[in-house]
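# Inside the fold
Okay, here's what each chain looks like letter by letter:
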Amino acid sequence: MNNSKRTYFKRKIYQRMLDWKRDKDGSTALLIKGARRVGKSTVAEEFAKNEYDSYVVINFDNARQEVWDAVKNIADIDDFFIRIQLLYNVTLTPRRSVVIFDEIQKAPLVRQAIKYLVQDHRYDYIETGSLLSIKKNVKNITIPSEETRMTMYPMDYEEFKGALGEGSAFQLLRDAFYRKKPLGDSVNRKLLRDFRLYMMVGGMPQAVESYLNTKNLSMVDQVKREIIELYADDFRKIDPTGKITRLFRAIPSELSRNAKRYLSGAVIGAQTDDNHLDELLEDMEDSLCVNFAYHADNPSVGLPLHKNKDAYKMYMGDTGLFVTLAFLDKEATDNIIYQKLLSDKLSADLGYVYENIVAQMLKASGNELFYHTWKTPSGKHNYEIDFLLSRGNKLYPIEVKSSGYKAHASLDAFCQKYSAEVGERYLVYTKDYHKDGSTTLLPVYMVPFL
């Protein structure tokens, strides 16, 4: 077994894993995919520890040669499991034990064998890995259809509050959202300060653990820098030209330009091969380190039908990492910067940070991300709806502000232009809950309930 000590934070995916165990009863393996360091391995081992009589974790990132020798003979299932039990000093019991294949992308032959392991029905199987690396290592194998796939994201706000021991506070937020009444300015200021802590720390479990252990945001920042460098190293492995790494590092600056789309040419130069650029962008999306929002050319409830793959915005999958990346020009992000962010006193316009956290929360709730822009009557400027949600047969347009508001011209113009399509309409901002005619003015910390 893997004896490394990890802090386990309660994660929502655990319930979905329980559903898989009950409903599938060993007829499929469970593949947990996600970006590096989001907690896939930790939740898999916690699940194995709690829900089975015994388990073994085979980590292909640091497996001994004897393990690889066993893998070479995996077609002989009896021999394979005899070797594994001896090597890991564990007894596996049919239908009461689980085998975790950690970093499965590094053992493509094992993944190909999942079909036969599942058919054997001796044990349950959980695979963890990065989707990007998985894709790059399956070119010469048959992908098993006997997999139930789940995507794991950084800790969402509810999970973050739970890690801080404040889970009940999140439930009160949910109640407040459904009451649809103002909370009062002093309460809102306190809730917003709490939420900005989540924006600063982020949802990467190592960063959250560092905050809980040290309460030092500079120490947290160092952890996040290490994760960013890990991502950059991964990108360089699949793209030695460094173009993906440059596209990744430019996300904060591209968002801060407040342009209607990400201009890849401004970052890596004009590309003569559109197919190559498409492949780079697809690799970035598959890494799950980045969230893409695509332009919906014709807003309607069938948003994917009108997705423009050539017009997109890129957001960081974790806003804590986004904040660190935005200040990566310094050797370390000083506590004073974090304190100013926390108290909303940093002079720089932080609108793009709020846009990133809204994108992260919507994605974590299972939404694909779309936006829409069009010319104003003068033709000199653009209206923009930051996010579009499809609910039933209606669209929910969302405009994001980093502070208060004086007007919501884009939202008003959109709702007038597409009045037959629009249901609820939201302006997400940093003030208290209010109604302004048909528009709901929603505090940013209530976005998870949309």
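Everything discussed here concerns the structure shown above.
Cut-offs and rules
- Residues numbered from 1 in each chain as written.
- Predicted model: local features only at pLDDT ≥ 70, side-chain atom pairs only at ≥ 80, totals over all residues.
- Heavy atoms only, no water.
- Helix = DSSP H or I, 4+ residues; strand = E, 2+ residues; numbered from the N terminus.
- Rg over C-alpha atoms; globule rule 2.2 N^0.38 Å.
- Buried < 20%, exposed > 50% of the residue type's maximum accessible area, 1.4 Å probe, protein only.
- Areas by Shrake-Rupley, 256 points an atom, 1.4 Å probe, with all protein chains shown as cover.
- Lys, Arg positive; Asp, Glu negative; His and termini not counted.
- Charge placed at Lys NZ, Arg CZ, Asp CG, Glu CD.
- Axes fitted to C-alpha atoms, helices over the stretch in contact; angles between N-to-C directions.
- Parallel < 35°, antiparallel > 145°, perpendicular 65-115°, else oblique.
- Contact = heavy atoms within 4.5 Å.
- Nonpolar A, V, L, I, M, F, W, Y, C, P; charged D, E, K, R; others polar.
- Salt bridge = Lys/Arg side-chain N within 4 Å of Asp/Glu carboxyl O.
- 1 Å grid on protein atoms, 1.4 Å probe; cavity = no way out; pocket = protein on both sides within 12 Å on 5 of 7 lines; lining within 4 Å.
- Points joined across faces, edges and corners; volume = space filled by probe spheres on them.
- Expected span 1.5 Å × (residues − 1).
- Phe/Tyr/Trp six-rings, centres within 6.5 Å; stacked < 30°, edge-to-face > 60°.
- Pairing = 2+ DSSP bridges.
- Core = buried A, V, L, I, M, F, W, Y, C linked by side-chain atoms within 4.5 Å.
- Arc of directions from axis to C-beta.

### Brief notes about the overall build of the protein chain
Within the protein chain one finds 19 helices and 14 strands. The C-alpha atoms of the protein chain give a radius of gyration of 23 Å, which matches the 22 Å a tight globule of 450 residues would have. Viewed in the frame of its principal axes, the protein chain has a C-alpha envelope of about 75 × 50 × 50 Å. Taken over 450 residues, the protein chain has a buried fraction of 55%. About 20200 Å² of surface is accessible on the protein chain, with carbon and sulfur atoms providing 47% of the total. Placing the 64 positive and 61 negative side-chain charges of the protein chain at their respective mean positions leaves the two points 4 Å apart.

### Re the packing of helix α9 (residues 185–201) against helix α18 (residues 351–364)
Put simply, α9 and α18 touch, their axes get as near as 11 Å, and they point 85° apart. In terms of axis orientation, α9 runs roughly perpendicular to α18. Contacts between α9 and α18 involve F195, R196, Y198 and M199 from the former and V353, Y354, I357, Q360 and M361 from the latter. Here the residues of the contact of α9 with α18 are counted per class, giving seven nonpolar, one polar and one charged.

### Observations concerning the pattern of salt bridges
Overall, the coordinates contain 31 salt bridges when judged by the stated rule. In this structure, the salt-bridge partner of D19 is R22, at a minimum N-O distance of 3.4 Å. Residue D19 and its partner R22 are both found in helix α1 (residues 13–24); the two are separated by three residues, about one turn of the helix. Since its relative accessible area comes to 56%, R22 is described here as exposed. When the shortest N-O distance is used, the salt bridge between R225 and D221 registers 2.6 Å. You can see R225 and its partner D221 sitting in helix α11 (residues 217–238), four residues apart, about one turn around the helix. Judged by its relative accessible area of 11%, R225 falls in the buried class. Three or more residues are tied together by salt bridges with common partners; here these are K12, D156, E158 and R174.

### A short note on empty space enclosed by the protein
In the structure shown here, the tally under the stated rule is five cavities of 30 Å³ or more. The computed volume of the largest cavity comes to approximately 60 Å³. If you go around the largest cavity, the residues you meet are E254, L255, N258, A259, R261, Y262, K313 and M314. Those elements that place two or more of their residues in the lining of the largest cavity are α13 (251–256) and β7 (307–316).

### Here's the deal with helix α8 (residues 167–179)
Between its first and last C-alpha atoms α8 spans 19 Å; for 13 residues at 1.5 Å apiece the expected length is 18 Å, and the two agree. Check the buried side of α8 and you find it contacts α7 (157–163), α9 and β14 (439–443). Of the residues trailing α8, K180 is marked for its positive phi of about 60°.

### Points about the packing of aromatic side chains
A complete count under the given rule lists 28 aromatic pairs for this structure. Taking the centre distance of 6.1 Å and the plane angle of 5° together, the rings of F101 and Y125 count as stacked. With F101 in strand β3 (residues 97–102) and Y125 in strand β4 (residues 124–129), the pair connects residues that are 24 residues apart, well separated along the chain. With relative accessibility at 0%, the residue F101 sits in the buried group.

### What to know about the sheet that holds strand β8 (residues 369–375)
The strand order across the open sheet built from four strands is β7-β6-β8-β9, with neighbouring strands paired in mixed fashion. Every other strand in the sheet has two partners, leaving β7 and β9 (382–385) as the edge strands with one partner each. Adjacent strand axes in the sheet meet at a mean angle of 30° when their direction is disregarded. Sheet analysis places β8 next to β9, joined by four bridges and oriented antiparallel. Across the sheet, the residue bridging to W374 is Y383, located in β9. Against the sheet, helix α15 (residues 274–286) makes contact with β6 (290–296) and β7, and its axis sits at roughly 120° relative to β6, the strand it touches most.

### As for the nonpolar core
Soluble, globular proteins show a tendency: their nonpolar side chains are buried together. With 123 residues, the main nonpolar core has I126 and F248 as its most contacted residues. The contacts of F248, once residues within four sequence positions are left out, are I228, Y231, F235, M284, C289, V290, M316 and L325. Membership of the second largest hydrophobic core comes to 28 residues, among which are A70, I77, F80 and A107.

### Looking at α1
Over its 12 residues, α1 runs 16 Å from end to end, which matches the ideal 16 Å to within 8%, given 1.5 Å per residue. Along α1, the residues classified as buried are I13, Y14, M17 and W20. On an axial view of α1, the arc spanned by its buried residues comes to 110°, and they lie on one face. Away from its buried face by more than 90 degrees, α1 exposes R22 and D23. Taken together, the buried residues of α1 touch β1 (29–34), α2 (40–51), β4 and β5 (147–152).

### Here's the deal with the environment of L247
As for its position among the elements, L247 is in helix α12 (residues 243–249). Judged by relative accessible area, which is 0%, L247 ranks as buried. If near-sequence neighbours (up to four positions away) are discounted, L247 is found in contact with Y262, S264, V267, I268, L281 and M284.

### Some words on the pairing of β6
The buried count for β6 comes to seven of seven residues, which makes it a mostly enclosed element. Strand direction decides the pairing type here: β6 and β7, joined by seven bridges, are antiparallel. Within β7, the position partnered with H295 by the bridge is N308.

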